[in-house]
There are 2 protein chains.
Amino acid sequence: MAPKIKDVAKQAGVSVTTVSRVLNGEKYVKDDLKARVKRAIDELGYAPSHIARSLVRKKTNLIGVIVPDLTSSFYSTILSSIEETASLNDYNLLVCNIIEDTDKEFKYLNVFNEMRVDGIIIMHEKLNDEIRAFLNKLDIPIIFSSVRPSDQTFLSVIIDDYAAAFDATHYLIELGHQRIGFIGGDMRDVTSGQNRYIGYRGALSERNIPIVDEYIRFGDYKIQSGYNLMKEILACGTHPTAIFAVSDDMAVGAMNCVHDHQLKVPDDISIIGFDGSQLTELVRPQLSSMEQPIQDMGKVTVETLLDLISGDAETPKEDIILKHKLVVRNSCGPYREDK
Amino acid sequence: MAPKIKDVAKQAGVSVTTVSRVLNGEKYVKDDLKARVKRAIDELGYAPSHIARSLVRKKTNLIGVIVPDLTSSFYSTILSSIEETASLNDYNLLVCNIIEDTDKEFKYLNVFNEMRVDGIIIMHEKLNDEIRAFLNKLDIPIIFSSVRPSDQTFLSVIIDDYAAAFDATHYLIELGHQRIGFIGGDMRDVTSGQNRYIGYRGALSERNIPIVDEYIRFGDYKIQSGYNLMKEILACGTHPTAIFAVSDDMAVGAMNCVHDHQLKVPDDISIIGFDGSQLTELVRPQLSSMEQPIQDMGKVTVETLLDLISGDAETPKEDIILKHKLVVRNSCGPYREDK
DNA sequence: TTGAAAGCGCTAACAG
DNA sequence: CTGTTAGCGCTTTCAA
């Protein structure tokens, strides 16, 4: 059995209180006692039980994180940033990978509650009623990262998805494209689904470019989905000369589809992605993308959550909007007459 | 403050023991009491404290996981599988992303210890002396996944890296290639560094194909590294007609480099990767790869660790070797005279 | 400066 | 079947 504080006390010939004091770096301990305690700790290889500490301190230094898909380049990167920031602040991550599995999510939320985690980070916005109700009853600070659920009860760290989608589409228009297709997300998602779609339409409307329903498809943000939707779009009579996909994954899927149809990106079809994931630099041609500040998003999410946890007065009441940024690589070219 | 078991007991007019009993699904509780307790739990929105339970049960249902790089396709996939299996068995994951940061790893290992996690999964093999010593003193079950550290103290779930590398190289030879380059890993790593290298050499030797040092480079498994090493190899007078890269990431980097030099895969150079990560199907041409059973590896790792934790007699004393598998896609072609 | 003792929220003998 | 009670390993008054 691992040694306990009592064993250390005995070994050092002091009371447990004194041991506790040196453990917690308190001042009022004479140097010689402190030294004896430290030696005893070393000799016994003692490590304080975080469990016992949590019980009395009512603080676990645990953050529960709900990720939609660990294997996605976007989420794994943001998670990595979350982990880094948490670690820097002496917090640890309990991660749950829910793959569209609502039951699993609910179960984990319950576990987080029982674990008495200090805070919860959620990275998807498809909350069902059961979960929404549960979340509202929970008195654990909750923050959403990269998404905002439809009700405004919780704080979110996001970008302005409407503006970002608008700007991405605008970029394609500026390149001279008129037939611009849209590979969208889930319209049940406000931020990544609806807002990006509206932004796309907004940019076209502003220039009086007709909106062609045939060029517009919705999927699930994944590569395969991008591939399939692109296939449908290519089946249109005169297909678009440019595509705006609302995730890099979908954009890559679309690129692959174009490739498999013996067409060239960007010569035949320009494609712009969204997110700024690692994929952008990994594919050929490299993917231009409307990028979210992924690293920063993770960092800000954790820092804001920690403020929420510590009950800091300065904690923002409104969503935190980070800046998006167009990063041009090689997947978009000017419109060419002959195509 | 969240309600405690005592509150439930009072509300239901029973003792805390009875509440504890229905909480733990014990038999000897009369139905009417059971019903009253359940109602009280609902009314109060009571959730038992995992902290308190852990303290008395001496079991946390926590598994600490050390991942070298969360954003890597290989590790995020295996982590995803680990998470799934753990969740199925009511275990939760504490994840630590160490990015070649030994201090962070040491710190986390200490945290795992203080948290009294029930088991630890480690996915890298570069243990320094300090960490090795710490691990040996720890009396928490530890298992290595996808790697095996040089000393045999701990159990590993791996493939036969020598055989896999041999087979991959052999495949290229069968395609008629004689000038076969090698993009390797870190030679301090026994499994993914040394064994794969020896396997490569073994396959060449078997056919009496001379080993050309110029065609052999070592890196860090990442895309950028593969890119850079390929660049060096292409700078050789007569460059190889085929490349074996010991990670899919490096293989993709090499492919990109070939592409950026206006050469074609596989027409000019064949490339085979290693791992079987998601990247293989995402790039064009799709990458042939010597695949590890990633999903299964995560699953087996957790299941074996759980056996270790429960002290099952059947727990294997020797490393668990899973089967590798060559998956042919479009990145390797037959040797052509004209190239 | 130091220590004794109460208690964090729960489980598990041990009685009844 | 049900309740009393003693801890689990630590922090924290409160006294000394």
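Rules used throughout
Residues numbered from 1 in each chain as written. Chains lettered and ligands numbered in written order. Predicted model: local features only at pLDDT ≥ 70, side-chain atom pairs only at ≥ 80, totals over all residues. Heavy atoms only, no water. Helix = DSSP H or I, 4+ residues; strand = E, 2+ residues; numbered from the N terminus. Expected span 1.5 Å × (residues − 1). Buried < 20%, exposed > 50% of the residue type's maximum accessible area, 1.4 Å probe, protein only. Arc of directions from axis to C-beta. Axes fitted to C-alpha atoms, helices over the stretch in contact; angles between N-to-C directions. Parallel < 35°, antiparallel > 145°, perpendicular 65-115°, else oblique. Left-handed = near helix turned anticlockwise from the far one by under 90°. Contact = heavy atoms within 4.5 Å. UniProt positions renumbered as here; feature names shortened; annotations may be inferred. Nonpolar A, V, L, I, M, F, W, Y, C, P; charged D, E, K, R; others polar. Least-squares fit on C-alpha atoms with pLDDT ≥ 70 in both. Buried area = accessible area lost by both parts, 1.4 Å probe. Salt bridge = Lys/Arg side-chain N within 4 Å of Asp/Glu carboxyl O. Polar contact = N/O pair within 3.5 Å; in protein donor to acceptor, adjacent residues only side chain to side chain. Pairing = 2+ DSSP bridges. Phe/Tyr/Trp six-rings, centres within 6.5 Å; stacked < 30°, edge-to-face > 60°. Near = heavy atom within 4 Å.

An unreviewed UniProt entry annotates chain A as LacI family DNA-binding transcriptional regulator of Paenibacillus germinis.

J.: Would you mind showing me how to read helix α3 (residues 31–44) of chain B here?
T.: Since there are 3.6 residues in each turn of an α-helix, residues three or four apart along the chain are aligned in direction. All names here are of chain B. Counted at 1.5 Å a residue, the expected span for α3 with its 14 residues is 20 Å, and the 20 Å between its end C-alpha atoms agrees. If you check which residues of α3 are buried, you get Val-37, Ala-40 and Ile-41. For α3, the buried positions fall inside an angular range of 100 degrees around the axis, keeping them on one side. Exposed residues pointing more than 90 degrees away from the buried face of α3 are listed as Asp-31 and Asp-42.

J.: Please clarify how the packing of helix α1 (residues 5–12) of chain A against helix α3 (residues 31–44) of chain A should be interpreted in this entry.
T.: Describing two packed helices takes the angle between their axes plus the distance from one axis to the other. Residue and element names in this part refer to chain A. One way to put it is that α1 packs onto α3 with a least axis distance of 9 Å and a crossing angle of 120 degrees. Here α3 runs oblique to α1, going by the angle between their axes. In this structure, α1 meets α3 at a crossing whose hand is right-handed. For the pair α1 and α3, the contacting residues are Asp-7, Val-8, Gln-11 and Ala-12 in the first and Arg-36, Val-37, Ala-40, Ile-41, Glu-43 and Leu-44 in the second.

J.: Whenever I open this one, the UniProt feature "domain: HTH lacI-type" (unreviewed entry) in chain A confuses me. Can you help?
T.: According to UniProt, the positions carrying the feature "domain: HTH lacI-type" (unreviewed entry) are residues 3–57 of chain A. Strand forms 0% of residues 3–57 of chain A and helix 69%; the C-alpha atoms that close the span are 21 Å apart.

J.: Just checking my understanding: could you explain the packing of helix α5 (residues 73–88) of chain A against helix α6 (residues 102–115) of chain B for this structure?
T.: Here α5(A) crosses α6(B) at 70 degrees, and the two axes come no closer than 12 Å. When the axes of α5(A) and α6(B) are compared, the pair comes out roughly perpendicular. Listed contacts from α6(B) to Glu83(A), Glu84(A) and Ser87(A) of α5(A) are Lys104(B), Lys107(B) and Tyr108(B). In the contact of α5(A) with α6(B), the residues fall into one nonpolar, one polar and four charged.

J.: I keep staring at the relation of the copies chain B and chain A and nothing clicks. Help me out?
T.: What relates the pair of chain copies is a rotation about an axis plus a shift along that axis. Rotating chain B by 180 degrees and moving it 0.0 Å along the rotation axis overlays it on chain A with an RMSD of 0.1 Å. Both chain copies can therefore be described as sitting about a two-fold axis. Using C-alpha coordinates, one finds that chain B approaches the rotation axis most closely at Leu94(B), a distance of 2.4 Å. Taken as a fraction of all interface residues of chain B, those also at the interface in chain A reach 100%, which identifies the copy contact as same-surface.

J.: Any chance you could explain the interface of chain B and chain A here in plain terms?
T.: Many analyses report the size of an interface as the accessible area lost when the parts associate. With 48 residues of chain B at the interface, the matching set in chain A holds 48 residues. For the pairing of chain B and chain A, the buried interface totals around 4400 Å² over both sides, and the portion due to carbon and sulfur atoms is 56%. Between Glu83(B) and Lys104(A) there is a salt bridge, and its shortest N-O distance comes to 2.7 Å. Counting across the chain B and chain A interface gives 24 residue pairs in polar contact (both at pLDDT 80 or more). Looking at the side of chain B that touches chain A residue by residue, the class counts come to 23 nonpolar, 15 polar and ten charged. In this sheet, strand β2 (residues 92–97) of chain B lies alongside strand β2 (residues 92–97) of chain A in antiparallel orientation, the contact comprising three bridges. Paired with Leu93(A) across the two strands is Val95(B), which belongs to β2(B).

J.: Before we go on, may I ask you to explain the packing of aromatic side chains in this structure?
T.: Any two aromatic rings considered together are summarised by their centre-to-centre distance and by the angle between their planes. On inspection of all chains with the given rule, the structure shows 24 aromatic pairs over all chains. On the numbers, 5.7 Å between centres and 40 degrees between planes, the contact of Phe144(B) with Phe154(B) is tilted. Of this pair, Phe144(B) sits in strand β4 (residues 142–145) while Phe154(B) sits in the loop between β4 and β5 (155–159); the two residues are ten residues apart in sequence, bridging distant segments of the chain. Among the residues examined, Phe144(B) registers a relative accessible area of 0% and is labelled buried. Given a relative accessible area of 10%, Phe154(B) falls into the buried group. An angle of 25 degrees between the planes, with centres 4.6 Å apart, marks the rings of Phe182(B) and Tyr200(B) as stacked. With Phe182(B) in strand β6 (residues 180–184) and Tyr200(B) in helix α9 (residues 190–206), this pair connects stretches of sequence that are 18 residues apart. The class for Phe182(B) is buried, based on a relative accessible area of 0%. Given the relative accessible area of 0%, Tyr200(B) is considered buried. By way of ring pairs, the aromatic residues Phe182(A), Tyr197(A), Tyr200(A), Phe218(A), Phe244(A) and Phe274(A) are connected into one cluster.

J.: Looking at this structure, how should I read the side chain of Thr77(A)?
T.: Its location among the elements puts Thr77(A) in helix α5. Side-chain polar atoms of Thr77(A) contact the backbone oxygen of Ser73(A), separated by 2.7 Å. Apart from residues lying up to four places away in sequence, Thr77(A) is in contact with Gln278(A), Ile294(A), Gln295(A) and Thr71(B).

J.: Please explain the protein's contact with DNA strand C as it appears in this structure.
T.: The full set close to DNA strand C counts 26 residues, and Thr18(A), Arg21(A), Lys4(B), Ile5(B) and Tyr46(B) are the nearest of them. Within 4 Å of the protein, atoms of DNA strand C come from sugar and phosphate in 68% of cases. Note that a base nitrogen of DNA strand C is positioned 3.3 Å from one of the side-chain N or O atoms of Thr17(B). Here Arg53(B) contributes a side-chain N or O atom positioned 2.7 Å from a phosphate oxygen of DNA strand C.

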